[in-house]
Amino acid sequence: MKKNPPRNSDAGFMRLALREARKGVERTLPNPAVGAIVVKNGRILSRGWHRAAGMPHAEIEAIAKLAKPGDARGATLYVTLEPCSTQGRTPPCTSAIIAAGLARVVFGAPDPNPKNAGRAEKILRKAGIEAVSGVLGDECAAINRAWNKWISTGMPFVTAKAGMSLDGRIASPPGRRWITSEAARLDAMRLRSECGAVLVGAETVRADNPHLTVRGGKKSAVQPLRAVWSRSGKLDPACHLLSDAFRDRTVVYKGKALASVLRDLGKRGVAHVLIEGGGRTLGEAFDKNLVDRIVFYTAPALLGGPIPAVGGLGARSNAEAVRLENPTYRLVGGCLRTEAMVAAAR
């Protein structure tokens, strides 16, 4: 069994910084979730986390929370992401770290942003501050997987979600809309709160007239964009997406390749897209290798019928099948929830 490192080790303190960073998950996009703590003589003096885009970064909050400004002198700062070194919405964190008089900085994941990548160590060491990188680097990077992809490629991280029967069908019998349980649908609603945009095909809008908003359970201060992928661009003007209180959050893409739709969403600052269907849209996303993660809810029922959860051209051979990595399974209201990362195309 793998033992946790002692609390007073670099890894032990980084785990505490990770605990702070997790407070910002789902809140900071299009910025990363970051946590920081200031430690001196083995004692934690302050903690900080990045609360939202435009607000102080975790390092700055931790420094500001010190009882006395002079407490930073000779102390160590633990931060989950390489400190920024360029002017953005806020001043560079490296300047504040130097000004505070910290003696040592330990960070986890490197910053994938080309503007900052690798600069912090050089700047801090030039200022006489010891810099250590890569402590729990994989764990620190994992909490920002969507942001990491978006900031380095311009393309959003894509999660494919489907609620289906045991035989992989998504069309309910007449008069019954829901296939999965209420608990599974509430869990799926949480996925929407993690994303900057929810994307569906036009046929899904015509058949289901969905809201695609965050409702029930966890609330979101800002509703995600609602993107519709359509050949014709023709939708009923009275549908929820074009007539409800969030109609200004709806974008209809007419006659565009799905990859170009995702790239446009990335340009709009969307780092994470949830594709909710239908079968043609999910099939195209898998055919074009656009999906990074799947979250599928499978109900204990057999529906039959012609409409699969994932359509498209499909794999031409078993060797070309979409492979999943690190799958996890759990029951949610009687439905099997499967989450996994999509393996890189071979």
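Here, every reference points to the structure presented above.
*Asks:* Tell me what's going on with the pattern of salt bridges, and back it up with residues and numbers.
*Replies:* Evaluated as defined, the whole model comprises 21 salt bridges. Of the charged contacts, one joins Asp-187 and Arg-337 as a salt bridge, the two residues approaching to 2.7 Å between their closest N and O atoms. Of this pair, Asp-187 sits in helix H7 (residues 182–194) while Arg-337 is found in strand S13 (residues 335–342), placing the two residues 150 residues apart along the sequence. Among the residues examined, Asp-187 registers a relative accessible area of 12% and is labelled buried. Judged by its relative accessible area of 3%, Arg-337 falls in the buried class. With a shortest N-O distance of 2.4 Å, Glu-194 and Arg-190 are connected by a salt bridge. One end of the pair, Glu-194, and the other, Arg-190, are both in helix H7, four residues apart, so they sit about a helical turn from each other. Of the residues examined, Glu-194 reaches a relative accessible area of 14% and is grouped as buried. Counted as one network, the salt bridges with shared partners bring together Arg-145, Asp-187, Arg-190, Glu-194, Arg-293, Arg-330, Arg-337 and Glu-339.

*Asks:* Could you give an account of the pairing of strand S6 (residues 157–164), naming the residues involved and the relevant values?
*Replies:* In terms of burial, S6 is a largely internal element, seven of the eight residues being buried. Sheet analysis places S6 next to strand S10 (residues 272–277), joined by four bridges and oriented parallel. Residue pairing in the sheet places Val-158 in a bridge with Val-273 of S10. Of the pairings in the sheet, the one linking S6 to strand S11 (residues 293–298) comprises six bridges and is parallel in character. Its bridge partner being in S11, Thr-159 is matched across the sheet by Arg-293.

*Asks:* Outline the pairing of strand S3 (residues 76–81), supporting the account with residue identities and numerical values.
*Replies:* By the criterion of burial, S3 is predominantly enclosed, with six of the six residues buried. Taken together, the four bridges between strand S1 (residues 35–40) and S3 define a ladder with antiparallel strand orientation. Within the sheet, the bridge partner assigned to Ile-37 lies in S3 and is Tyr-78. Sheet analysis places S3 next to strand S4 (residues 104–109), joined by five bridges and oriented parallel. Counterpart to Val-79 in the pairing with S4 is Phe-107. In this fold, the crossover linking S3 to S4 by way of helix H3 (residues 93–100) has right-handed handedness.

Conventions adopted
- Residues numbered from 1 in each chain as written.
- Predicted model: local features only at pLDDT ≥ 70, side-chain atom pairs only at ≥ 80, totals over all residues.
- Heavy atoms only, no water.
- Salt bridge = Lys/Arg side-chain N within 4 Å of Asp/Glu carboxyl O.
- Helix = DSSP H or I, 4+ residues; strand = E, 2+ residues; numbered from the N terminus.
- Buried < 20%, exposed > 50% of the residue type's maximum accessible area, 1.4 Å probe, protein only.
- Pairing = 2+ DSSP bridges.
- Right-handed = clockwise from strand over helix to strand, strands pointing away.

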